[in-house]
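An overview of the molecular structure
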Amino acid sequence: MEKKVKVVVLCQNDHFVLPANIRLLNRIKKIELVAVVNIDHSGSLENKKMLFLRGFGIVQVFKLSLVGLSYKFVNFIDSLFGYKLQFCRSLESVATISGAVYKTVKNPNEKAFLKWLKDEEVGLIISFSAPCIFDKELLALPLFGCINLHCSLLPRFAGLLPSFWTLFESEKTIGATVHMMDNKIDNGDILGQVELELPNPATMFSVINVTKAAGGKLMVNTVEDLIEGNVNLTVNRIPPNGHYTWPTLLEIQKFRLNGGRLI
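Residues numbered from 1 in each chain as written. Predicted model: local features only at pLDDT ≥ 70, side-chain atom pairs only at ≥ 80, totals over all residues. Heavy atoms only, no water.

1. What about the side chain of Asn148?
Counted only if it meets this: Numbering of helices and strands runs from the N terminus; a helix is a DSSP stretch of H or I covering at least four residues, while a strand is a stretch of E covering at least two. Whenever two N or O atoms come within 3.5 Å, that pair is a polar contact, provided that in protein one can donate a hydrogen and the other can accept it, and provided that, for residues adjacent in sequence, both atoms are side-chain atoms.
Topologically, Asn148 is positioned in strand E5 (residues 146-150). At 2.6 Å, the side chain of Asn148 and the side chain of Ser127 are in polar contact.

In structure tokens:
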């Protein structure tokens, strides 16, 4: 029997789209999902609640919170049955369903975590918009490298929160990119891209959902091609001033004045 490639997924906490995307990886016959790792980093969306509250106001944040709470409630019911209902509304649930380990780490570059990856003989690391930079030792560890899903058409809108910046700059199309990772943000050759039309209504939440969902399918196809050695790389080099950061409070307010919405 052909030995399967051991895969670890690194991402930030999410109850909306990422669990379903990770579950899609189970379709790939030549991989074994070893672990789903939640990176609890200061740069994750979950740790930017105050910025969103101040920028978008109580009503918008409350609406998004209600959606999140409904997903968490569904996940709680699922957890009571050992996730056998397979609603797939948390990282822990999709790890359990997939027979993988669920971990939370602050920094994936820590020596203890690197040792664990080596001991597990991990052959591929998949990042679903992991909220931190991978150091060279982590990048060099898996045989097939580290690949990342970024929810824009790189090299456009590299960096943080592309769902905000594409709408802020009135882009007509959106998309998702899977690329090889290096120790620079959203840098590394492109393995695959998909271009999408703006959803209607075009809110940050709808753009995130559409691009992540399409990106999950793109990831499956890309991983299959990568393992088969059937990839065509496109050069992707982000210039030093080509990265978007977290928007300022004034930029969020300008976005709202122009009709921009969180949800």
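2. Focus: the nonpolar core
Which entries qualify depends on this criterion: In this text, buried Ala, Val, Leu, Ile, Met, Phe, Trp, Tyr and Cys residues form a nonpolar core when linked through side-chain atoms within 4.5 Å. When accessible area is computed with a 1.4 Å probe and restricted to protein chains, residues below 20% of their type maximum are described as buried, those above 50% as exposed, and intermediate ones as partly exposed. Here a residue-residue contact requires only that any non-hydrogen atoms of the pair lie within 4.5 Å.
Counting residues in hydrophobic clusters, the biggest one holds 32 residues, and the most contacted among them are Ile22, Leu25, Ile126, Phe128, Ile147, Met219 and Val223. Every element with two or more residues in this core is listed here: strand E1 (5-11), helix H1 (18-24), strand E2 (31-39), helix H3 (91-97), strand E4 (124-128), E5, strand E7 (173-180) and helix H7 (204-228). Top element by residues in this core is H7. It accounts for six residues. In this structure, Leu25 is in contact with Val9, Ile31, Ile126, Phe128, Met219 and Val220, ignoring residues within four places of it in sequence. Ranked by size, the runner-up nonpolar core spans 21 residues in total, among them Val37, Trp116, Cys132 and Cys146.

3. Notes on the environment of Glu137
Topologically, Glu137 is positioned in helix H5 (residues 136-140). Overall, the relative accessible area of 40% leaves Glu137 in the partly exposed class. Sequence separation between Glu137 and Leu114 is 23 residues, and the spatial gap between their C-alpha atoms is 8.1 Å. Sequence-distant contacts of Glu137, defined by excluding residues within four places in its chain, comprise Lys111, Leu114 and Lys118. Side-chain polar atoms of Glu137 contact the side chain of Lys118, separated by 3.4 Å.

4. What to know about the sheet that holds strand E3 (residues 101-105)
Note the cut-off: A pair of strands is labelled paired if DSSP reports no fewer than 2 bridges between them. All axes here are fitted lines through C-alpha atoms, helices being fitted over the stretch that makes contact, and every angle between N-to-C directions spans 0 to 180 degrees.
Taken in spatial order, the seven strands line up as E3-E2-E1-E4-E5-E7-E8 in an open sheet, and their pairing is mixed. Looking at the sheet topology across the chains shown, the edges are occupied by E3 and strand E8 (190-197). Adjacent strand axes in the sheet meet at a mean angle of 20°, parallel and antiparallel pairs treated alike. With four bridges connecting them, E4 and E5 associate as parallel partners. Counted as the bridge partner of Ile126 is Ile147 from E5.

5. Some points on the packing of helix H2 (residues 49-80) against helix H8 (residues 249-257)
For any two helices packed against each other, the geometry is given by the interaxial angle and the distance between the axes. Keep this limit in mind: By the definition adopted for this analysis, an angle is roughly parallel if under 35 degrees, roughly antiparallel if over 145, roughly perpendicular if from 65 to 115, and oblique otherwise. Handedness of a crossing follows from how the near helix is turned relative to the far one, being left-handed for an anticlockwise turn of less than a right angle and right-handed for a clockwise one.
Their axes nearest at 9 Å, the elements H2 and H8 cross at an angle of 30°. If you check the angle between H2 and H8, you find them roughly parallel. As for the relative orientation of H2 and H8, their crossing is right-handed in sense. Along its contact with H2, which presents Leu51, Arg54, Gly55, Phe56 and Gly57, the element H8 presents Leu249, Ile252, Phe255 and Arg256.

6. Considering the side chain of Asn75
For Asn75, the position within the fold is in helix H2. A residue is classified by how much of its surface remains accessible, and Asn75, at 10% relative accessible area, is buried. Sequence-distant contacts of Asn75, defined by excluding residues within four places in its chain, comprise Tyr83, Arg89, Ser90 and Ser93.

7. Digging into the packing of aromatic side chains
The condition is simple: Whether two aromatic rings pair depends on their centres lying within 6.5 Å, for rings of Phe, Tyr and Trp, where Trp uses its six-membered ring; planes under 30 degrees apart make the pair stacked, over 60 edge-to-face, and the rest tilted. In this analysis the charged atom, NZ for Lys or CZ for Arg, is taken to sit over a ring once it is within 6 Å of the ring centre and within 35 degrees of the ring normal.
Evaluated as defined, the whole model comprises 11 aromatic pairs. With a centroid separation of 4.8 Å and 90° between ring planes, the pair formed by Phe164 and Trp165 is classed as edge-to-face. On the accessibility criterion, Phe164 (0% relative accessible area) is buried. Members of the aromatic cluster, joined through ring pairs, are Phe52, Phe56, Phe157, Phe164, Trp165, Phe168, Tyr244 and Phe255. Across the ring face of Tyr71, the terminal group of Arg89 is positioned such that the distance to the ring centre comes to 3.9 Å. The positively charged end of Lys103 is found above the aromatic ring belonging to Trp116, 4.6 Å away from the centroid.

8. Remarks on the state of the cysteines
Using the following cut-off: By definition, disulfides here are pairs of cysteine sulfur atoms that lie within 2.5 Å.
The full count for this structure, using the stated rule, is zero disulfides. Residue Cys11 stays outside any disulfide, its sulfur separated by 11 Å from that of Cys132, the closest cysteine. Cysteine Cys88 is unpaired, with the sulfur of Cys11 as its nearest cysteine sulfur at 12 Å.

9. Re H7
Given 3.6 residues per helical turn, the α-helix brings residues three or four places apart onto the same face. Condition: How far a helix is expected to stretch is found by multiplying one less than its residue total by 1.5 Å.
Over its 25 residues, H7 extends 36 Å from the first C-alpha to the last, a length consistent with the 36 Å expected when each residue adds 1.5 Å. Following H7 by one or two positions, Gly229 has its phi on the positive side, about 75°.

Read these as layout, nothing more, since geometry by itself doesn't imply function.
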